[in-house]
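In case you want the letters, here they are:
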Amino acid sequence: MKTLIRNVRPYGEDATDLVVEDGLLVRDGTDPDETVDADGLVALPGLVDLHTHLREPGGEEAETVATGSAAAALGGYTAVFAMPNTNPTQDSPVVVEHVWRRGREVGLVDVHPVGAVTVGLGGEKLAEMGMMAASPAAVRMFSDDGRCVNDPLIMRRALEYARSLDALVAQHAEDHRLTVGAQAHEGPVAARLGLTGWPATAEESIVARDAMLAAAAGARLHVCHLSTAGSVGVLRWARETLDARPGFALSAEVTPHHLLLTDTAAEGYDPVHKVNPPLRPEADTLALRRALADGEIDCVATDHAPHAVEAKDCEWSVARPGMLGLQTALPVVALTMVRTGLLDWRGVARVTSEAPARIAGLPDQGRPLAVGEPANLTLVDPEATWTVRGAELASIAENTPYEGTDLPLSVVHTMLRGRWTVRDGKVAPREQ
Ligand SMILES: NC(=O)N[C@@H](CC(=O)O)C(=O)O
Ligand SMILES: [Zn+2]
Ligand SMILES: [Zn+2]
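Below you will find a few notes about this structure. As the structure is a prediction and not an experimental result, all values here were calculated from the model.

Before going further, it helps to examine the overall build of the protein chain. A tally of helices and strands in the protein chain yields twelve helices and 19 strands. The C-alpha radius of gyration of the protein chain comes to 21 Å, within 12% of the 22 Å expected for a compact globule of 432 residues. Expressed as lengths along the three principal axes of its C-alpha atoms, the size of the protein chain is roughly 65 × 50 × 40 Å. Burial statistics for the protein chain: of 432 residues in total, 62% are counted as buried. Within the protein chain, contacts between residues at least 6 apart in sequence are counted, and of these 75% link residues at least 24 apart. As presented, the protein chain carries roughly 16,000 Å² of accessible surface, and 51% of it is formed by carbon and sulfur atoms.

Here you go:
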């Protein structure tokens, strides 16, 4: 099957044709079986999300591997990493294999289950990391996301064990003793709203601690949903001063919502804006954008967190934290980073595809749009605008913070190893 994609602009640069055959980008475009007119569209390498919550098993009322995969493909993604706070927890081979197998059956994106660091995310007993790494799911990222690995000795052992597995530890940086009952960013807005504060130091102290532990262990540490200017400073301090054992690597992600939204969103107490870590003041949001633009923050990750209506349609203090993110991530990056001149499309490819693929060690994602490379790509219309309606998104849940908002950029087609997963903004049928 040979597909000719006409007049597309790779990385937003000069229009050219791309040719796909047997899952690879090839040179010879003669006698195509299919021709797609891509006038005006920008081609990017398929996006890679290091931080997605698919909720299956156990939370299927909010999302499943199937619905989350559809949302991912519709958002331009060709690979996602599914976080372990499922029920049962992804802390054993049998559970990670279920998620891995479901992802392959659905076949819309590569689904990589993230293994838990501790049993049941309880923070006390290391999970079977080696068995999850050895399983067909080949787990290479471990996290207790939703929770922080608070105990420094457990975190040290996890980093040492991950090093021996050539795996990454992704930390949800939140010292739980500093965030007891916390509802929103600790600052004037939370004080005025009467919401218990979530101090920036709860994140920053864990980032500093874990960077030191990882440097001493020669291990790879990834900071989940980094949310403050102070944490950017800690990254810089760690990279410049720590005397690290070989093998040390320190990376960090920022979410689209922390690039765009601020703590004032809590005014009106709509729990759709309740998220962990909480939305921060504008000074932090702007610092995160700058850090992403200049590479101090390596990549964007969605922290796509679907919640059933009853988990959000309630009083702020009892609502579950988290927001949908897969289908609105690239539009929000376009709005906050491209429209502001902070990134060009090559920069967008770096932070949404190349860097996450490199951090996760994926060999066939985040590759250049060049002959011989796997055809994992997305074609987007950067001039389009659309109005976000939670009910129209592919996820079962509808908890988008952008309800009724006009966002730029639409994802038109997405291709996974040469097979369309999205065509004209709709999930493509499987038969091709
Ligand atoms: N981010 C959130 O507010 N919620 C996430 C958990 C997490 O990422 O900490 C979830 O799983 O709902
Ligand atoms: Zn988290
Ligand atoms: Zn998360």
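All right, on to the packing of aromatic side chains then. Tallying each qualifying case throughout the model produces zero aromatic pairs. Over the ring of Tyr11 we find Arg346; its NZ or CZ atom is 3.8 Å from the centre of that ring. Looking at Arg423, its charged tip hangs above the ring of Trp420, at a distance of 4.9 Å from the centre.

Moving on: the coordination of the zinc ion (ligand 3). The textbook angles at a metal center are 109.5 degrees for a tetrahedron of four donors and 90 or 180 degrees for an octahedron of six. Ligation of the zinc ion (ligand 3) by protein atoms is provided by His51 (NE2), His53 (NE2), Asp145 (OD) and Asp303 (OD), these donors lying 2.0 to 2.3 Å from the ion. Read N to C, the donor residues that coordinate the zinc ion (ligand 3) are spaced as H-x1-H-x91-D-x157-D. For the pair the zinc ion (ligand 3) and the zinc ion (ligand 2), the metal-to-metal distance amounts to 3.6 Å, and Asp145 bridges them. One end of the pair, Asp145, is in the loop between strand S9 (141-143) and helix H4 (152-164); the other, Asp303, is in the loop between strand S15 (299-300) and helix H10 (309-312), with 158 residues separating them in the sequence. Here the two residues Asp145 and Asp303 agree in accessibility, since each one is buried.

The next subject is the side chain of Thr352. Within the secondary structure layout, Thr352 lies in helix H12 (residues 345-360). Within polar-contact distance, the side chain of Thr352 engages the backbone oxygen of Val348 at 2.7 Å. Ignoring any residue separated from it by four or fewer positions in sequence, one finds Thr352 in contact with Leu47, Val48, Val300 and Leu330.

This brings us to the site of ligand 1. In the vicinity of ligand 1 there are 15 residues, among which Arg55, Asn85, Asp145, Asn276 and Asp303 approach most closely. One nitrogen or oxygen atom from the side chain of Arg55 is found 2.7 Å from an oxygen atom belonging to ligand 1. Against a free-state accessible area of 320 Å², the protein chains account for coverage of 96% of ligand 1. Per-class residue counts for the shell around ligand 1 are three nonpolar, nine polar and three charged.

A regular strand places its side chains on the two faces of the sheet in alternate fashion. Burial of strand S17 (residues 406-416) is extensive: nine of the eleven residues sit out of reach of the surface. Two strands pair when backbone bridges link them, and strand S16 (residues 377-387) and S17 are joined in this way by eight bridges, in the antiparallel orientation. Note that in S17 the partner of Asp381 across the bridge is Ser410. Pairing of S17 with strand S18 (residues 419-423) involves three bridges; the strand directions are antiparallel. Its bridge partner lying in S18, Met415 is registered against Trp420. Taking the residues between adjacent antiparallel strands as the criterion, S17 and S18 are bridged by two residues, where Arg417 takes a positive phi near 45°.

Parameters and conventions
Residues numbered from 1 in each chain as written. Chains lettered and ligands numbered in written order. Predicted model: local features only at pLDDT ≥ 70, side-chain atom pairs only at ≥ 80, totals over all residues. Heavy atoms only, no water. Helix = DSSP H or I, 4+ residues; strand = E, 2+ residues; numbered from the N terminus. Rg over C-alpha atoms; globule rule 2.2 N^0.38 Å. Buried < 20%, exposed > 50% of the residue type's maximum accessible area, 1.4 Å probe, protein only. Contact = heavy atoms within 4.5 Å. Areas by Shrake-Rupley, 256 points an atom, 1.4 Å probe, with all protein chains shown as cover. Phe/Tyr/Trp six-rings, centres within 6.5 Å; stacked < 30°, edge-to-face > 60°. Lys NZ or Arg CZ within 6 Å of the ring centre and 35° of its normal. Donors = N, O, S within 2.8 Å, 3.2 Å for Na, K, Ca; no water. Polar contact = N/O pair within 3.5 Å; in protein donor to acceptor, adjacent residues only side chain to side chain. Near = heavy atom within 4 Å. Nonpolar A, V, L, I, M, F, W, Y, C, P; charged D, E, K, R; others polar. Pairing = 2+ DSSP bridges.

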